[in-house]
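# Structural overview for review
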Amino acid sequence: MNTATSHTPVPHEPTPAPHTPPAESAHHPVVIVGGGLGGLTLARVLHVHGIASLVLDLEASADARTQGGMLDIHEESGQEALRAAGLHADFEALVLTGGEATRVLDRHGVVRFDAPDDGDGGRPEVERGALRDLLLGSLPEGIVRWGAKVTGARPPGGGRHEVALADGSRLTTDLLVGADGAWSRVRPLLSDARPAYTGVSFVEGDLLDAEVRHPESLALVGTGFSFALGPGKGFLAHREPDGSLHVYTALHVPEQWLDGIDFTDPAAAKAAVLTEFEDWDGRLRALLADADGPLVPRRIHALPVGHRWERTPGVTLLGDAAHLMSPFAGEGANLAMLDGAELARALVAHPGDPEAALGAYEERLFPRSERAAADSAGNLVDLFRADAPQAVLDLFAAHA
């Protein structure tokens, strides 16, 4: 033994602590937490105006999971954001022909309203994943940092914020934007509000290659979106660009109701959900009974209507982090994108004065999102009321 390297500490002598390298620390002027449609729109519009940002997303890569679902992109919100991003022409190439067709049925399968897509509507349908890819492709390499799971944030002072990541690294920023959805890690810096269960749950499924494998279901749904509604429940379905049908089985049930169903067994799950539709037309029941692959359960949550916060230096929210609502007004993605575009434009309009920019942004954000959230909450009640689908028929009649 080499006694020169052997040492027994004398009493009370502290044992030297092993050297731990400091966690990575860096500074970025603008940090956007969340690489969804809203966060990416913000990053893109900032980039167009020469303002650098960093987007942190917890997914391992851009294609780590499917984005799924069709979105109707509204002229006055989502499309306005795409114009600000310089991407509206590219967006138009992604639109699903015929996707704006709308059909309303009752629980007996009787078509009560049927409007074709005549190409004149202001809400064309596009696949969420394709729209996200468009935004990602418009950003320089390195703006989005994948696998960056934010665990928390704190204000060390001076309007700056420090963001902690799951890998132990941290970074600081002059402007922190929470675009990280329903369960935002940034929202607690501004608000104690948490999403609450709305009383409605979805069970989602897909009918693949519908023209060949599910022609009767395809004929029932049509080329666009269909509502089949009854008291407290219904089937909402739309056609996707790949020829499949995506179906949302909606139920007004207690929050824990889904826990009693084994979704690892698709056949058993279908049987359990369909017990709620025993007196419904067989063609409607088939939208769930014939689904290919696993079913996906989803509880619908929302923040309080009118959610807002006091102006807090160096931080704000957009999209679901700011105004999570049920999907029954079709506004979630549209507002997230408009939020991103308007925040970017406010920063451009107030160079060197981010607080003035945030104040101007939130002044428009709060009333806009409150109106949409109120509409969404009202529609949730109306869609599934005792005389369903009458409320939807009345809505379309009013807009005719």
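Residues numbered from 1 in each chain as written. Predicted model: local features only at pLDDT ≥ 70, side-chain atom pairs only at ≥ 80, totals over all residues. Heavy atoms only, no water.

Here helix α1 (residues 37-48) is 12 residues long and its end C-alpha atoms lie 16 Å apart, about the 16 Å a rise of 1.5 Å per residue gives. Within α1, 10 of the 12 residues are buried, which leaves it mostly tucked inside the rest of the structure. Every buried residue of α1 is accounted for by Leu37, Gly38, Gly39, Leu40, Thr41, Leu42, Ala43, Arg44, Val45 and Leu46. (Helix = DSSP H or I, 4+ residues; strand = E, 2+ residues; numbered from the N terminus. Expected span 1.5 Å × (residues − 1). Buried < 20%, exposed > 50% of the residue type's maximum accessible area, 1.4 Å probe, protein only.)

Another point: the pairing of strand β14 (residues 245-252). In terms of burial, β14 is largely enclosed, as 7 of its 8 residues are buried. Bridge count between strand β11 (residues 196-207) and β14: 8 bridges; the pairing is antiparallel. From the neighbouring strand, Val200 faces β14, where its bridge partner is His252. Examined bridge by bridge, strand β13 (residues 233-239) and β14 share 7 bridges and lie antiparallel to one another. Within β14, the position partnered with Lys233 by the bridge is Leu251. Once β13 ends, the chain turns through 5 residues before running back antiparallel as β14, passing Gly243 with a positive phi of about 90°. (Pairing = 2+ DSSP bridges.)

The omega angle of the peptide bond from Ala388 to Pro389 is 15°, so this bond is cis rather than trans. Along the polypeptide, Pro389 turns up in the loop between α11 (354-383) and α12 (390-399).

Tracing the backbone through its elements, the reader meets Glu162 in strand β9 (residues 160-165). Residue classification places Glu162 among the buried residues on the basis of a relative accessible area of 17%. With near-sequence residues (within four places) excluded, Glu162 lies in contact with Gly152, Ala153, Arg154, Pro156, Arg170, Leu171 and Thr172. (Contact = heavy atoms within 4.5 Å.)

This part is about helix α10 (residues 332-349). For α10, which comprises 18 residues, the first-to-last C-alpha distance of 26 Å matches the rise-based estimate of 26 Å (1.5 Å per residue) to within 8%. In terms of burial, α10 is a largely internal element, 14 of the 18 residues being buried.

In total, this model carries 21 salt bridges according to the counting rule given. Close ionic contact of Glu75 with Arg83 constitutes a salt bridge, the shortest N to O distance being 3.2 Å. Close ionic contact of Arg311 with Glu362 constitutes a salt bridge, the shortest N to O distance being 2.8 Å. Of this pair, Arg311 sits in the loop between β15 (292-302) and β16 (315-317) while Glu362 is found in helix α11, placing the two residues 51 residues apart along the sequence. For Arg311, a relative accessible area of 28% translates into the label partly exposed. The class for Glu362 is buried, based on a relative accessible area of 4%. It is possible to trace a salt-bridge network through shared partners that takes in Asp339, Glu342, Arg364 and Arg368. (Salt bridge = Lys/Arg side-chain N within 4 Å of Asp/Glu carboxyl O.)

Here the focus is the nonpolar core. Grouped together as the largest cluster of nonpolar side chains are 58 residues, with contacts concentrated most on Ile32, Leu42, Leu56, Leu131 and Leu343. No other element matches α10, which puts 7 residues into this core. Residues in contact with Leu131, not counting those within four places in the same chain, are Leu37, Leu71, Ile73, Leu82, Phe91, Leu94, Val126 and Met337. Core analysis: the next-biggest nonpolar cluster, separate from the first, contains 28 residues, Leu207, Leu218, Leu220 and Ala269 among them. (Core = buried A, V, L, I, M, F, W, Y, C linked by side-chain atoms within 4.5 Å.)

Further remarks concern the confidence of the model for the chain. Per-chain confidence: the chain averages 92 in pLDDT, with 93% of residues scoring 70 or above. Residue range residues 1-23 is modelled with pLDDT below 50. Its contacts to residues more than four positions away, or to other chains, number 6 contacts. (pLDDT = per-residue confidence, 0-100.)

A word on the environment of Glu127. As for its position among the elements, Glu127 is in strand β6 (residues 125-127). Along the primary structure Glu127 and Gly69 are separated by 58 residues, whereas in three dimensions their C-alpha atoms are 6.1 Å apart. Beyond its immediate stretch of four places on either side in the chain, Glu127 contacts Gly69, Met70, Glu240 and Pro241.

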